[in-house]
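Each chain, letter by letter, is given below.
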Amino acid sequence: MTATTPTVAATLGKYLDLDQKGFIQAEYIWIDGRNELRSKTKTLSSKPTSASDLPEWNFDGSSTEQAPGHDSDVLLEPVAIFADPFRKGDNILVLCETYNPDGTPNKTNYRAHAKKVMDTYADQHPWFGIEQEYTLFQADGKTPLGWPTGGFPGPQGPYYCGVGANKVFGRDVVEAHYRACLFAGVTISGVNAEVMPGQWEYQVGPCEGIDQGDHLWISRYLLNRVAEDFGIVVSFHPKPIPGDWNGAGCHTNYSTDAMRQEGGIAAIEEAIKKMSLRHMDHIAVYGVDNDKRLTGEHETGHISNFSYGVANRGASIRIPRHVAKQGKGYLEDRRPASNIDPYRVTAIVVESSLAPDA
Ligand code: ADP
Ligand code: MN
Ligand code: MN
Ligand code: MN
Ligand code: MN
């Protein structure tokens with residue numbers, strides 16, 4: 001190697017500078033049979049203006065735990081478009097729903113039902129804001145960033161919203177992801193370093209109705225792609241490290257028109273009462289391995305009990321202090337785990353809280 005040997009990045013750049021000749025690269029993205037993301041690229045001859053302009057496509061569902069080998073085609077139905085921060089220009093990311101050949105939603109397609117729920121209650125303008133927590137791991141997938149190999153860092157305390165090379169790990173990934181979200185058109189509202197070293201949070205919202213799930217899924221896609229560039233692995237496991245370390249959640253903040261109006265606290269309390277009646281139905285869709293996280297320790301309420309309170313971070317649902325004070329605003333459902341499908345969570349929150357009285 002000489003000093004003039006170009007880097008891989010410079011070599012790749014030489015090709016990416018080539019003219020696309022008016023063609024568009026569309027990255028079709030979908031959720032697979034393990035609640036993880038997959039994507040593949042299609043060339044389009046012109047730039048679409050909406051998802052409905054885009055062609056349907058398909059993939060081999062037997063390779064993604066979405067179909068049997070003898071009837072493996074699953075259809076991709078474009079539902080939302082975002083700008084592509086990796087290819088830039090007019091290139092796009094295309095979020096898709098998955099459908100079986102007979103036209104029914106694939107068993108992994110929870111957006112189809114959520115969309116119906118959001119359409120039903122559209123007049124109440126449900127807003128969400130989800131706090132996505134996650135953990136960055138070295139490429140081995142075993143050691144969180146900032147942890148000594150096979151050992152432990154100093155106990156929790158200095159890391160949350162920390163500053164300094166001995167307190168935060170992976171800020172380059174976080175900054176790159178934040179900017180990628182803004183470029184793509186994802187409604188990201190902030191980021192912070194979390195309580196466990198290597199753990200981070202970003203917030204997506206407020207988004208109305210089905211947009212919350214769409215934006216959160218694209219934000220996760222962007223995080224995985226950005227981390228891939230850095231040779232870092234993202235974990236959405238709710239308890240990535242057992243023991244006296246905080247788990248990872250997806251606190252789901254929620255409001256309707258009525259809750260945001262003067263005196264909306266009454267509507268908030270009414271919603272909480274209705275949601276409390278279906279605690280275990282909620283828990284059933286609030287993430288796999290969430291029992292390892294909702295222990296009643298580490299700023300959680302125990303998985304088997306429903307509780308709520310003002311400014312109480314050990315409750316299932318928290319009414320933020322400023323909401324109680326102003327008498328209007330939103331509630332925070334603290335139960336959902338970091339690995340939720342947000343379509344399932346936003347749908348059940350709306351269904352439970354807005355269902356007509358029995
Ligand atoms: P926490 O204090 O729990 O860490 P954050 O500041 O991380 O809270 O997240 C609060 C979230 O609440 C943000 O995503 C924000 O967009 C969302 N939010 C704010 N107002 C509303 C509202 N009226 N309805 C729903 N979500 C809201
Ligand atoms: Mn092939
Ligand atoms: Mn937060
Ligand atoms: Mn947090
Ligand atoms: Mn929170």
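Quick caveat: nothing in here was measured; it's all calculated off a predicted structure. (Residues numbered from 1 in each chain as written. Chains lettered and ligands numbered in written order. Predicted model: local features only at pLDDT ≥ 70, side-chain atom pairs only at ≥ 80, totals over all residues.)

## Observations concerning the environment of Arg179
Counted only if it meets this: Elements are defined by DSSP. Helices are runs of H or I of four residues or more, strands are runs of E of two residues or more, and each kind is numbered from the N terminus.
Checked against the element boundaries, Arg179 lands in helix H3 (residues 171–184). For Arg179 and Pro85, which are 94 residues apart along the polypeptide, the C-alpha to C-alpha distance reads 8.7 Å.

## A word on the site of ligand 1
The criterion, for reference: What makes a residue near a molecule or strand is its C-beta atom, placed from the backbone, lying within 6 Å of it. Nonpolar residues are Ala, Val, Leu, Ile, Met, Phe, Trp, Tyr, Cys and Pro. Charged residues are Asp, Glu, Lys and Arg, and all others, Gly as well, are polar.
In the neighbourhood of ligand 1, 16 residues make up the surrounding shell, with Gly129, Gln203, Asn253, Ser255 and Tyr330 lying closest. Where the shell around ligand 1 is concerned, the elements lending two or more residues are strand E6 (127–137), strand E8 (199–208) and strand E10 (250–255). Split by residue class, the shell around ligand 1 holds five nonpolar, eight polar and three charged.

## Considering the UniProt feature "domain: GS beta-grasp" (unreviewed entry) in the protein
To keep things clear, this is the line we draw: UniProt positions are given in the numbering used here, feature names are shortened, and annotations may be inferred rather than shown by experiment.
This chain's UniProt record puts "domain: GS beta-grasp" (unreviewed entry) on residues 24–103. Regarding residues 24–103, the helix share stands at 0% and the strand share at 49%, and the terminal C-alpha atoms are separated by 28 Å.

## So, unusual backbone geometry
Between Gly205 and Pro206 the backbone carries a cis peptide bond, its omega angle lying at -10°. Relative to the helices and strands, Pro206 is located in strand E8. Within the chain, His298 stands out as a residue other than glycine whose phi angle is a positive 55°. Summarising the element assignment, His298 is placed in the loop between helix H7 (279–284) and strand E11 (308–310). A positive phi angle, near 60°, is found at Glu299, a position not held by glycine.

## Focus on the domain arrangement of the protein
Note the following rule: Either an automatic procedure or a domain database provided the assignment from which the domain bounds are taken. Contact between residues is assigned whenever the C-beta positions, reconstructed from backbone atoms, fall within 7 Å.
Assigned domains of the protein: these are domain 1 (21–109) and domain 2 (118–354). Here domain 1 and domain 2 have C-alpha centroids that lie 26 Å from each other. Each side of the interface is counted separately: domain 1 has eleven residues, and domain 2 has 15 residues. Considering each element in turn, the side of domain 1 that touches domain 2 owes the most residues, three residues, to strand E4 (residues 73–83). Grouping the constituent residues of the side of domain 1 that touches domain 2 by class yields ten nonpolar, one polar and no charged.

## What about the environment of Leu54?
Stated formally: In this scheme every C-beta is placed from the backbone, and a residue whose C-beta has 20 or more other C-beta atoms within 10 Å is buried, one with 12 or fewer is exposed, and one in between is partly exposed.
By secondary structure assignment, the location of Leu54 is in the loop between strand E2 (37–44) and strand E3 (57–60). With 21 C-beta atoms packed within 10 Å, Leu54 lands in the buried category. Look past the residues within four positions of Leu54 in its chain and what remains in contact with it is Ala26, Pro48, Pro78 and Val94.

## Looking at the sheet that holds strand E5 (residues 92–99)
The condition that has to hold: When DSSP finds at least two bridges between two strands, those strands are taken to pair. Here an axis means a line fitted to C-alpha atoms, over the contact stretch when the element is a helix, while the angle between two N-to-C directions is reported on a 0 to 180 degree scale.
The five strands lie next to each other as E2-E1-E5-E4-E3, forming an open sheet whose pairing is mixed. In the strand order of this sheet, the two ends are held by E2 and E3, each with one partner. Neighbour-to-neighbour, the strand axes of this sheet turn through a mean angle of 40°, independent of strand direction. Sheet topology note: the E4/E5 ladder contains eight bridges and is antiparallel. Looking at E5, one finds that Leu75 is bridged to Tyr99.

## Things to note about the nonpolar core
Note on soluble globular proteins: their nonpolar side chains tend to be buried together. Defined as follows: Each nonpolar core consists of buried Ala, Val, Leu, Ile, Met, Phe, Trp, Tyr and Cys residues. Their C-beta atoms, within 7 Å, join them into a set.
In this structure, Val94 and Ile218 are the most contacted members of the largest nonpolar core, which totals 81 residues. Looking at this core, the element that brings in the most residues is helix H4 (residues 211–230), giving eight residues. Counting residues domain by domain, this core receives three or more from each of domain 1 (21–109) and domain 2 (118–354). When neighbours within four sequence positions are excluded, Val94 is seen to be in contact with Ala26, Glu27, Tyr28, Ile29, Leu54, Pro78 and Ile81.

## Notes on the packing of helix H2 (residues 111–120) against helix H9 (residues 342–354)
Cut-off, in case you're wondering: Roughly parallel means an angle under 35 degrees; roughly antiparallel, over 145; roughly perpendicular, 65 to 115; everything else is oblique. By definition, turning the near helix anticlockwise from the far helix through less than a right angle yields a left-handed crossing, and turning it clockwise yields a right-handed one.
Their axes nearest at 9 Å, the elements H2 and H9 cross at an angle of 30°. Taken together, the axis directions place H2 and H9 in an arrangement best described as roughly parallel. The two elements H2 and H9 meet at a crossing, and its hand is left-handed. Here H2 contributes Arg111, His113, Ala114, Val117 and Met118 to the contact with H9, which in turn contributes Tyr343, Thr346, Ala347, Val350 and Glu351. When grouped by side-chain class, the residues that make up the contact of H2 with H9 number six nonpolar, two polar and two charged.

## Quick look at helix H6 (residues 265–276)
The line we're drawing: What a helix should span is 1.5 Å times the count of its residues minus one. Directions pointing from the helix axis toward each C-beta atom define the arc.
Given a rise of 1.5 Å per residue, twelve residues ought to cover 16 Å, and the 16 Å separating the end C-alpha atoms of H6 matches this to within 8%. Among the residues of H6, those classed as buried are Ala267, Ile268, Ala271 and Met275. Buried residues of H6 fall within an arc of 105° about the axis and therefore sit on the same side. Buried residues along H6 sit in contact with helix H5 (257–260), H7, strand E12 (317–319), strand E13 (331–333) and H9.

## Observations regarding the packing of H4 against H9
Contact geometry for H4 and H9: axes closest at 9 Å, N-to-C directions at 155°. It follows from the interaxial angle that H4 and H9 lie roughly antiparallel. With respect to the hand of their crossing, H4 and H9 are arranged in right-handed fashion. Judged by residue contacts, Gln212, Gly213, Leu216 and Trp217 of H4 engage Pro342, Tyr343 and Thr346 from H9. Within the contact of H4 with H9, the residues separate by chemical class into four nonpolar, three polar and no charged.

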